[in-house]
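As a plain string of letters, each chain reads:
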Amino acid sequence: MKFPVHIPPPRRAERTLLPAALAALAGLLLAVQLAVPSNVALPDIAVGRPLRLAPLVVAPMLADAEITRRPLFAPGRHETAGIADKTAPLEGARAVGVISIRNAVRVFLQAPDGQVTPVGIGGGYRGWRLVRIAAGQLLFVRGADSIALPITASAPPIMPRQAETEEPEEETP
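Residues numbered from 1 in each chain as written. Predicted model: local features only at pLDDT ≥ 70, side-chain atom pairs only at ≥ 80, totals over all residues. Heavy atoms only, no water.

1. Examining the overall build of the protein
The number of helices and strands found in the protein is two helices and seven strands. Taken from N to C terminus, the helices and strands of the protein fall in the order α-α-β-β-β-β-β-β-β. Residues counted as buried form 14% of the 173 residues belonging to the protein. Residue pairs at least 24 apart in sequence account for 30% of intrachain contacts in the protein once pairs closer than 6 positions are excluded. In the form shown here, the protein has an accessible surface area of approximately 15400 Å², with 61% of it arising from carbon and sulfur atoms. (Helix = DSSP H or I, 4+ residues; strand = E, 2+ residues; numbered from the N terminus. Buried < 20%, exposed > 50% of the residue type's maximum accessible area, 1.4 Å probe, protein only. Contact = heavy atoms within 4.5 Å. Areas by Shrake-Rupley, 256 points an atom, 1.4 Å probe, with all protein chains shown as cover.)

Set out below in structure tokens:
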């Protein structure tokens, strides 16, 4: 019977002599370990009383009042802090996102009614012109007035309001 894979002998020029010697030494030590009897005496098998552990006491979890008041995935959740004010800068709009791709920057502003508008540098929003984005702030200019609007992620964007359609109720006789 012939070994199907040819393993070349170790050579000093190929730097395979040391790994081959270490592999041979590991094999020799394995053979010695299996051949020499162990002098460790193991205890006899005895059936004893099972170990009883004290019951684990689990303290009740108390949720923070803020979490219970405003659950994250509740269907009726809405922003309570920082509710948009029509007298606020940019008529209550807030920055909800910024994206930059190949030196082109877009800022996403959300109006109090939930409508999101993308604005680029030099672009306008309700008469205000976006001049600069720096240090987490947006600088808007309208005439001699200027506003620095912070970019924050403190609250999720408000969903746009759907047009409410009135469905006629069926009269029952």
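This is not the end of the story, as more comes after the structure.
2. Comments concerning the nonpolar core
Counting residues in each nonpolar core, the largest one holds 14 residues, and the members touching the most others are Leu90, Leu109, Tyr125, Leu130, Leu138, Phe140 and Leu149. Those elements giving two or more residues to this core turn out to be β2 (104-110), β5 (128-134), β6 (137-142) and β7 (145-150). Setting aside anything within four residues of it in sequence, one finds Leu138 in contact with Ala95, Val107, Leu109, Leu130, Arg132, Ile133, Ile147, Ala148, Leu149 and Ile151. (Core = buried A, V, L, I, M, F, W, Y, C linked by side-chain atoms within 4.5 Å.)

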